[in-house]
Amino acid sequence: MELFRKTLDPVIALSAIAVLDIFLFLIVGAWTVGGGETMMTGLIAQFFLGDTIDRIPFWHEVFKPDAGYWKIYISLGMLFGAIVGAVASKEFFWRFPKRLSEWVMITVGGLLMGIGIRLAFVCNVSTFFGLTPELNLGGYLAISGILAGAWFGSLIYKRVLEGG
Amino acid sequence: MSALAECLVAFVFGSVVGLLVQRSRFCNTAALRDAMLFKTFRNTKALLVAMMILTIGFTAFISIGAGNPMRFDVGVNQILGLFLFGTGMVLAGACTVSTWVKAGEGNFGAIWALIFTFVGMFLFSLIWSYIYWPPAPSAMTGELSVERLQFGFSNAETLQEKTGIPAIFFGIIQAAVLYGLYRAIKRREAASAATS
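Details of the overall build of chain A
Stage number 1. Summing up its helical and strand segments, chain A has 7 helices and 0 strands in all.
Stage number 2. Each helix and strand of chain A, ordered N terminal to C terminal, gives the series α-α-α-α-α-α-α.
Stage number 3. With the C-alpha coordinates aligned to their principal axes, the bounding extent of chain A is approximately 50 × 45 × 35 Å.
Stage number 4. Considering only residue pairs separated by 6 or more positions, chain A has 57% of its internal contacts joining residues 24 or more positions apart.
Stage number 5. As displayed, chain A has an accessible area near 7200 Å², and 68% of this comes from carbon and sulfur atoms.
Stage number 6. Side-chain charges in chain A split into 12 positive and 12 negative, and the spacing between the mean points of these groups amounts to 9 Å.

Regarding the overall build of chain B
Stage number 1. For chain B, the count of helices and strands is 8 helices and 2 strands.
Stage number 2. Oriented by its inertia axes, the alpha-carbon framework of chain B measures out at about 55 × 45 × 40 Å.
Stage number 3. When burial is assessed residue by residue, chain B has 54% of its 196 residues classed as buried.
Stage number 4. Looking at chain B as shown, the accessible area adds up to about 8400 Å², and 70% of this sits on carbon and sulfur atoms.
Stage number 5. Each charge sign in chain B was given a centre, from 14 positive and 9 negative side chains, and these centres are 16 Å apart.

Considerations on the pattern of salt bridges
Pairing between side chains of opposite charge can happen when the charged atoms of each approach one another.
Stage number 1. Scanning the entire structure with this criterion turns up 9 salt bridges over all chains.
Stage number 2. A salt bridge links A:Glu91 to B:Arg25, with the nearest nitrogen and oxygen atoms 2.4 Å apart. With one member in each of two chains, A:Glu91 in the loop between helix H4 (70-88) and helix H5 (100-120) and B:Arg25 in the loop between helix H1 (3-24) and helix H2 (28-37) form a pair that bridges those chains.
Stage number 3. With relative accessibility at 37%, the residue B:Arg25 sits in the partly exposed group.
Stage number 4. Salt bridges here are not isolated pairs; linked through shared partners, they connect A:Glu91, B:Arg23, B:Arg25 and B:Glu105.

Side note on the domain arrangement of chain A
Buried accessible area, meaning the area lost when the parts come together, often serves as the stated size of an interface.
Residue and element names in this part refer to chain A.
Stage number 1. Along its sequence, chain A is carved into domain 1 (1-94) and domain 2 (96-164).
Stage number 2. Inter-centroid distance (C-alpha atoms) of domain 1 to domain 2 is 18 Å.
Stage number 3. Counting residues at the interface gives 14 residues for domain 1, matched by 10 residues for domain 2.
Stage number 4. Summed over the shared surface of domain 1 and domain 2, the number is 0 salt bridges.
Stage number 5. At the boundary of domain 1 and domain 2, one finds 1 residue pair in polar contact (both at pLDDT 80 or more).
Stage number 6. Breaking the side of domain 1 that touches domain 2 down by element, the ones donating at least two residues are helix H1 (10-27) and helix H2 (34-49).
Stage number 7. Tallied by class, the residues present in the side of domain 1 that touches domain 2 amount to 9 nonpolar, 3 polar and 2 charged.

What counts and what doesn't
- Residues numbered from 1 in each chain as written.
- Chains lettered and ligands numbered in written order.
- Predicted model: local features only at pLDDT ≥ 70, side-chain atom pairs only at ≥ 80, totals over all residues.
- Heavy atoms only, no water.
- Helix = DSSP H or I, 4+ residues; strand = E, 2+ residues; numbered from the N terminus.
- Contact = heavy atoms within 4.5 Å.
- Areas by Shrake-Rupley, 256 points an atom, 1.4 Å probe, with all protein chains shown as cover.
- Lys, Arg positive; Asp, Glu negative; His and termini not counted.
- Charge placed at Lys NZ, Arg CZ, Asp CG, Glu CD.
- Buried < 20%, exposed > 50% of the residue type's maximum accessible area, 1.4 Å probe, protein only.
- Salt bridge = Lys/Arg side-chain N within 4 Å of Asp/Glu carboxyl O.
- Domains from an automatic or database assignment.
- Polar contact = N/O pair within 3.5 Å; in protein donor to acceptor, adjacent residues only side chain to side chain.
- Nonpolar A, V, L, I, M, F, W, Y, C, P; charged D, E, K, R; others polar.

Okay, structure coming up:
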């Protein structure tokens, strides 16, 4: 199948995703990832901590762990779709970061993404594919933040690349 | 719609997105990082086109009272949070979408980033439980609150209500601005192709 032999033009791929996102917006709400990830965090924490999680106000005042939260299944679907695409195009293989600096950057980067999503109540997906197209003030605030952050991150990234 | 049906719709949507992103190598991190560092715009153009389609689509449906827009107060926390997020995604080399997609390709670095995204979220849940900021949804008022650094709630719906002008009008203006950016990138690419 052609789709699995050649790389798809990202403009075509994102145009198709945008059309589907409009349907999702009409049915349940626009595409988002951070909300589902937060709920997964709550469910994982509940699994390990049991009833102790009830003593952390965030998990009953902001996000009450609920496995039936629809946003979780967007992320799980993305994982499934990516596995199908990678296996069908023979692009699935295990790869690991090679240098210690990569491990450190990924660890710090992951932590900052998690803290940032929860502080902002939004992720990059809801910024670009939800809030801003809804002309929500939060979208413009978030875009100014992510552009400044990406610029700052790029400075660090460049320095590490040059150092490596 | 039942909760089960919502989850099913979300899973089908996510599966198609995962497949298309994997096959196109689209990455939101690259859309910003590559434009800033390397002056290449492959992903930036795709992001702009998607935003144009979404802006027209969302505001058209909002104009007739359809759709499910996000509703919550916004404030300084969106700027600070996405600043941290933007820094983190460049360091991790992946955003929320590409961590899941690269994980599906067997990239352990993406799985590691995902694990620490969860850890970061849990750490913030502990911090929030101490500072109670930004306000929980139940404490949001929709109004400006200087002491809580909140600007309230405003989107295409509220614009339409306040001005009496259909939301699609504002959507067309935003789409035109996005198209202007897209054209500027295309012109820049054409100019650099002509000189090389």
